[in-house]
Amino acid sequence: MDNNNWLQQILTIGIGTTSLVADRVREVSEQLVKEGKIDSDQAKTFVDDLMGQMKLDPANFEAQMQRLIRNTMQDLGVPRQSEMDELRGRIDRLERQIREMENKSWK
């Protein structure tokens, strides 16, 4: 599977989730204004503050995306590169042992 496609899908999900949260926060703040629990200035400040907290700084964004991708791949059972390298090494050693045993039996 294409890694860029995975990344694009994960980014799209993240953007969609952020958009849904933003819409819901706006709805809740509008409802609070209608009910008279807060005024429109407080609602605007509330929404702006919350949206500001949701934004990721660029340095942290990449680290969070890598962690998300790593966890997703682990949940799907995709082995890490280090695990693949270890398995390749074990296969190489076993193949070598088999060749040595075959060579001994031919002598």
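Before reading further, recall that the structure is shown in the block above.
Conventions and cut-offs
- Residues numbered from 1 in each chain as written.
- Predicted model: local features only at pLDDT ≥ 70, side-chain atom pairs only at ≥ 80, totals over all residues.
- Heavy atoms only, no water.
- Helix = DSSP H or I, 4+ residues; strand = E, 2+ residues; numbered from the N terminus.
- Buried < 20%, exposed > 50% of the residue type's maximum accessible area, 1.4 Å probe, protein only.
- Areas by Shrake-Rupley, 256 points an atom, 1.4 Å probe, with all protein chains shown as cover.
- Contact = heavy atoms within 4.5 Å.
- Patch = residues over 30% accessible without salt bridge, like charges linked within 9 Å, V, L, I, M, F, W, Y side chains within 5 Å.
- Salt bridge = Lys/Arg side-chain N within 4 Å of Asp/Glu carboxyl O.
- Lys, Arg positive; Asp, Glu negative; His and termini not counted.
- Charge placed at Lys NZ, Arg CZ, Asp CG, Glu CD.

Trainee: Account for the overall build of the protein chain, naming residues and giving values.
Mentor: Secondary structure assignment for the protein chain yields four helices and zero strands. Put simply, the protein chain has 107 residues, and 7% of those count as buried. Accessible area of the protein chain: about 9300 Å², with a carbon and sulfur share of 54%.

Trainee: An account of the side chain of S29 is needed here, citing residue identities and associated values.
Mentor: The topology assignment puts S29 in helix α1 (residues 3-34). Take S29: its relative accessible area is 5%, and that puts it in the buried class. Sequence-distant contacts of S29, defined by excluding residues within four places in its chain, comprise I38, A43, F46 and V47.

Trainee: Give me the lowdown on a positive patch on the surface, citing residues and values where you can.
Mentor: The grouping of R90, R93, R96 and R99 at the surface amounts to a positive patch. Inspection of the secondary structure puts R99 in helix α4 (residues 81-106). Owing to a relative accessible area of 47%, R99 belongs among the partly exposed residues under this scheme.

Trainee: Which residues make up the pattern of salt bridges, and what are the values?
Mentor: Using the criterion set out here, one finds two salt bridges in the structure. Taking the shortest distance from any N to any O, the salt bridge between E83 and R80 comes out at 4.0 Å. Under the relative-accessibility criterion, E83 is labelled partly exposed at 33%. The shortest N-O distance in the salt bridge between D85 and R88 comes to 3.4 Å. Placement of the pair is D85 and R88 together in helix α4, with a separation of three residues, close to one helical turn. The class for D85 is partly exposed, based on a relative accessible area of 41%. For R88, a relative accessible area of 45% puts it in the partly exposed group.

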